[in-house]
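Chain by chain, the residues run as shown.
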Amino acid sequence: MPRRAAGERTPARRRITALTASVALFAGLLPAAPAWAEPKPTRKELTAQQKKLADETEKLSEQYNGLRERLRQAQRAAKVAEGNAARQKKALEEARARMVKVAADSYKNGPSDPAAAFASADDPQAILDRSATLNYFARQDGGRVAQLLQTMQSAERARKSAEARANQVRQITDEAKKKRRELQAKLKKVEAKLGTGPAGRVNGGPVPNVDAGGASAKAMGAVRAALSQLGVPYSWGGGNASGPSYGTAQGANIKGFDCSGLTLYAYAQVGIGLGHYTGSQYNAGTRVSMSQLKPGDLVFFYSDLHHMGMYIGNGKMVHAPQTGDVVKIAPIAGRPFAGGVRVA
């Protein structure tokens, strides 16, 4: 068999090479296969995500409101403790100064030899009286200084403890704000996919006539105040005694109420102050059952009390529901009822 030159291909190898080249050429003419992608969520799934995120945001809203209340209380306690410590320090300095003065008077007015002074004095009794007086005040002031020192030290410990508590609550509050921003960012993405967004004020419709049903004049005044805000958008952390307010870190075009902010505002209009937190409002009056509800009563839902409204009769309430919604009238049925509270 004749030898092939080095590098010369056999007929079989030539056929394989030609076939490979043809396959490569054909493959190059085909469109590239698309990269694998996750299936897009359906509108139903996006709506479910939106509802879940809005509910989580509302829960966090009331947690944040509670933390704000705790922070205000801790700051007030720290301020009181600081004032008390300052007063005790001033009293201690005054007592010390008095004690130094008594010692100086004793040194200046009394000779070095008390016996000689007593023997040569025109009025020996005066010498005895003055000596006894100086000794008495020295003992009194010494005891007062020791007592004030202990009191001041206790006041200073209380001040440091109150400040530490305030700093701790402030840190937790900042963490809640950060978590809220993260939730809000997720919610905005879902709303963008749904083609929805934060609500603006809408026409809330006619204000219904509410039968007092035995409710007090103040309770009815609060009901009218709440109903006057129909159509105002929900705003995280929003609402105060003056009316709708911007929620924390909320968009500049949104001004409204969260659920406890609405009831706070309504009762402020009749001279009743409530905390901006469902937990504090739950403890602001007399508990009533669902069957005892009257217009103006506060109604609370879920075991953690993260939502509330104001009862207006006929099984309905006015409330600020959640992000993306507005103040509206809704039945109290459909949510787990946690209790009612009568504040007026």
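All residue numbers here refer to positions counted from 1 along the written sequence of the relevant chain. In view of the model being predicted, local features appear only for residues whose pLDDT reaches at least 70, and side-chain atom pairs are presented and counted only at 80 or more, with totals across whole chains, interfaces and linings using the full set of residues. Remark: hydrogens and water are excluded; side-chain values derive from all non-hydrogen atoms of the structure.

## Let's talk about helix H6 (residues 259-268)
Exposure classes here rest on a 1.4 Å probe applied to the protein chains alone. A residue is buried below 20% of its type maximum, exposed above 50%, and partly exposed in between. Here a strand is any run of E in DSSP of at least two residues, a helix any run of H or I of at least four, and the numbering for each starts at the N terminus. Of all ten residues that make up H6, nine are buried, and the element is covered over most of its length. Every buried residue of H6 is listed here: Cys 259, Ser 260, Gly 261, Leu 262, Thr 263, Leu 264, Tyr 265, Ala 266 and Tyr 267.

## Looking at the confidence of the model for the chain
The score called pLDDT rates the predictor's confidence residue by residue, from a low of 0 to a high of 100. Looking at the chain as a whole, its pLDDT mean stands at 77, while 69% of the residues score no less than 70. What makes two residues a contact is simply this: any of their non-hydrogen atoms within 4.5 Å. Of the regions scoring below 50 in pLDDT, residues 23-27 engages in zero contacts with residues more than four places distant in sequence or in other chains. Taken together, the stretch residues 116-120 has pLDDT below 50 and engages in four contacts with residues farther than four places along the chain or on a different chain.

## As for the pairing of strand E6 (residues 337-342)
By the convention used here, strands pair only if DSSP detects at least 2 bridges between them. Pairing of strand E1 (residues 286-288) with E6 involves three bridges; the strand directions are antiparallel. Among the inter-strand pairings, Val 288 is bridged to a residue of E6, identified as Gly 340. Sheet analysis places strand E2 (residues 298-301) next to E6, joined by four bridges and oriented antiparallel. Of the residues in E6, the one forming a bridge with Leu 298 is Val 341.

## Some details on the packing of aromatic side chains
Note on ring pairs: Phe, Tyr and Trp rings are taken, using the six-membered ring of Trp, and paired if centres are within 6.5 Å. Classes follow the plane angle, with under 30 degrees stacked, over 60 edge-to-face and the rest tilted. This structure, assessed with the given rule, holds three aromatic pairs. A centroid spacing of 5.1 Å and a plane angle of 80° characterise the contact between Tyr 282 and Phe 300, whose relative ring orientation is edge-to-face. Of this pair, Tyr 282 sits in helix H7 (residues 278-282) while Phe 300 sits in strand E2, placing them 18 residues apart in sequence. Both residues of the pair, Tyr 282 and Phe 300, count as buried.

## As for the packing of helix H5 (residues 217-227) against H6
It is at 8 Å that the axes of H5 and H6 come closest, and there the two elements cross at 125°. The angle between H5 and H6 places the two elements in the oblique class. The way H5 lies across H6 gives a crossing that is right-handed. Contacts between H5 and H6 involve Lys 218, Ala 219, Ala 222, Ala 225 and Ala 226 from the former and Leu 262, Tyr 265, Ala 266 and Tyr 267 from the latter. For helices, the fitted axis covers only the stretch in contact; all axes are lines through C-alpha atoms, and the angles between them, taken along N-to-C directions, range from 0 to 180 degrees. Note on angle classes: values under 35 degrees are labelled roughly parallel, values over 145 roughly antiparallel, values of 65 to 115 roughly perpendicular, and the remainder oblique. Definitions for this section: a left-handed crossing has its near helix turned counterclockwise from the far helix by less than a right angle. A right-handed crossing has that turn clockwise.

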